[in-house]
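In case you want the letters, here they are:
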Amino acid sequence: MSNSGGVGKTTIAAHLAYSLAKKGYKTLVIELDQQDSFRLSTGLGIADPERSAAKIFQPDFKGDYPIVQIWQDHTENAFLIQGGAALRETPRAIEGYKRRYYILQDRLKKFPLDFDVILIDTPGGLEPFGTVILPAITHLIVVVEPDFKATTSGGLFLEWFYSNAIDLDLDPPPQILGFLPNTRQPEIAAHAKILDKENPNALPAILQEHETRCFPQIKFSAEFVNASDPSVGLPVFVYRPKAPALKGFTPVIQAIEECL
Ligand SMILES: Nc1ncnc2c1ncn2[C@@H]1O[C@H](COP(=O)(O)OP(=O)(O)O)[C@@H](O)[C@H]1O
Ligand SMILES: [Mg+2]
């Protein structure tokens, strides 16, 4: 999740999914975003509206999740439910559902999915999907851009998270696995300053006050941009496995594995 768009959520979800799948975990990504950027990471076409994640929220949903296999030349374990424009109607479907924000949790309980890991890729901004996701998940990763706004937006995110966890009476609430800074631009001095572990005003220290982990950053790499060419449709792990920026995923994968 994140409170803004374009921070790298989809790129990160795709690389985590690939890496977990390669480690042998049967992994599903649910893309709850009308901007279906996962297409770019997989080379898939636009999903038929009847075969997008919007289907899960329809009143007559009977458990036939529209799952497609992805990257099958490289792994047997990676699957996706695509997002797309049909999700524009989903907030209305949620409004029509008596238990509102519990709709996704209810669907997953009633129609369980047989996967080792399910990653939910969200749109930028927190409402309404953020509130629908909270009751349905066990853990969350907050992607942030390391700019000087990061401490403020991190604080706002935590405020939103804790007030919703209380309002929704989540017991237990999902756990924040960590904030994950993603550096979408070539390194500048400000990045080091914002992520400086020793600086009490920098992001790691602010998060520490809330007992929230800050993962080391995912560094800028032009390879991520190349990988979002739909004619490539493969994670950087496949064709540039030695790209230094991939190291950033290691602690995140480790933290996820510790939860399994
Ligand atoms: N670490 C990075 N280095 C370089 N480019 C990146 C990095 N992370 C993401 N990008 C690029 O930034 C753009 C937005 O990323 P995306 O994952 O779609 O963001 P979001 O899902 O948060 O909207 C994409 O073109 C992606 O290739
Ligand atoms: Mg996205």
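Definitions and cut-offs
Per chain, residue numbering runs from 1 following the sequence as it is written. Chain letters start at A and ligand numbers start at 1, both assigned in the order the entries are written. Since the coordinates come from a predicted model, pLDDT governs what is reported: local features require at least 70, and pairs of side-chain atoms require 80 or more to be given and counted, while whole-chain, interface and lining totals use all residues. Only hydrogens and water are set aside when side-chain values are computed; all heavy atoms of the structure are taken into account. Here a residue is considered near a molecule or strand provided that any single heavy atom belonging to it is located within 4 Å of it. Here a polar contact is taken to be a pair of N or O atoms separated by no more than 3.5 Å, where protein atoms must pair a possible hydrogen donor with a possible acceptor and residues adjacent in sequence count only if both atoms sit in side chains. In this description, accessible areas are obtained by the Shrake-Rupley approach with a 1.4 Å probe, and a residue is regarded as covered only by the protein chains that are shown. Of the grid points, spaced at 1 Å and generated over the protein atoms alone, those admitting a 1.4 Å probe that cannot get out make up cavities, while open sets with protein on both sides within 12 Å along at least five of seven lines make up pockets; any residue with an atom within 4 Å of a point is treated as lining. Molecule-in-pocket calls rest on the fraction of atoms, with more than half required to lie within 2 Å of the cavity or pocket grid points. Secondary structure is summarised from DSSP: a helix means a run of H or I of at least four residues, a strand means a run of E of at least two, and numbering begins at the N terminus for each. Note on residue classes: Ala, Val, Leu, Ile, Met, Phe, Trp, Tyr, Cys and Pro are nonpolar, Asp, Glu, Lys and Arg are charged, and everything else, Gly too, is polar. For this analysis, a nonpolar core means a set of buried residues of the types Ala, Val, Leu, Ile, Met, Phe, Trp, Tyr and Cys, connected via side-chain atoms within 4.5 Å. Exposed residues in this analysis have more than 50% of their type's maximum accessible area, buried residues have under 20%, and partly exposed residues fall in between, with area computed by a 1.4 Å probe over protein chains only. Two residues form a contact once any of their heavy atoms are found within 4.5 Å.

Draft legend 1. Broad picture of the site of ligand 1. Looking at ligand 1, there are 15 residues lining it, with G6, G8, K9, T10 and T11 nearest. Between ligand 1 and G6 there is a distance of 2.9 Å, counted from an oxygen atom to a backbone nitrogen or oxygen. N182 is positioned with one of its side-chain polar atoms (N or O) 2.9 Å from a nitrogen atom of ligand 1. Expressed as a share of its isolated accessible area of 560 Å², the protein-covered part of ligand 1 is 84%. Mapping ligand 1 onto the cavity grids shows that it belongs to the second largest pocket. Elements that contribute at least two residues to the shell around ligand 1 include exactly α1 (9-22) and α9 (222-227). For the shell around ligand 1, the residue count by class is four nonpolar, eight polar and three charged.

Draft legend 2. Structural context of the nonpolar core. Of all hydrophobic cores here, the largest spans 45 residues; its most connected members are L32, F57, L134, L140 and F157. The dominant element in this core, judged by the number of residues it contributes, is helix α6 (residues 150-167), at six residues. Leave out the neighbours within four places in its chain, and L32 touches A53, F57, L87, L104, I120, D121, T122, P123, F129 and I133. A17, L119, V143 and I256 belong to the second-largest nonpolar core, a separate cluster that totals 37 residues.

These figures come from the coordinates and say nothing about function on their own.
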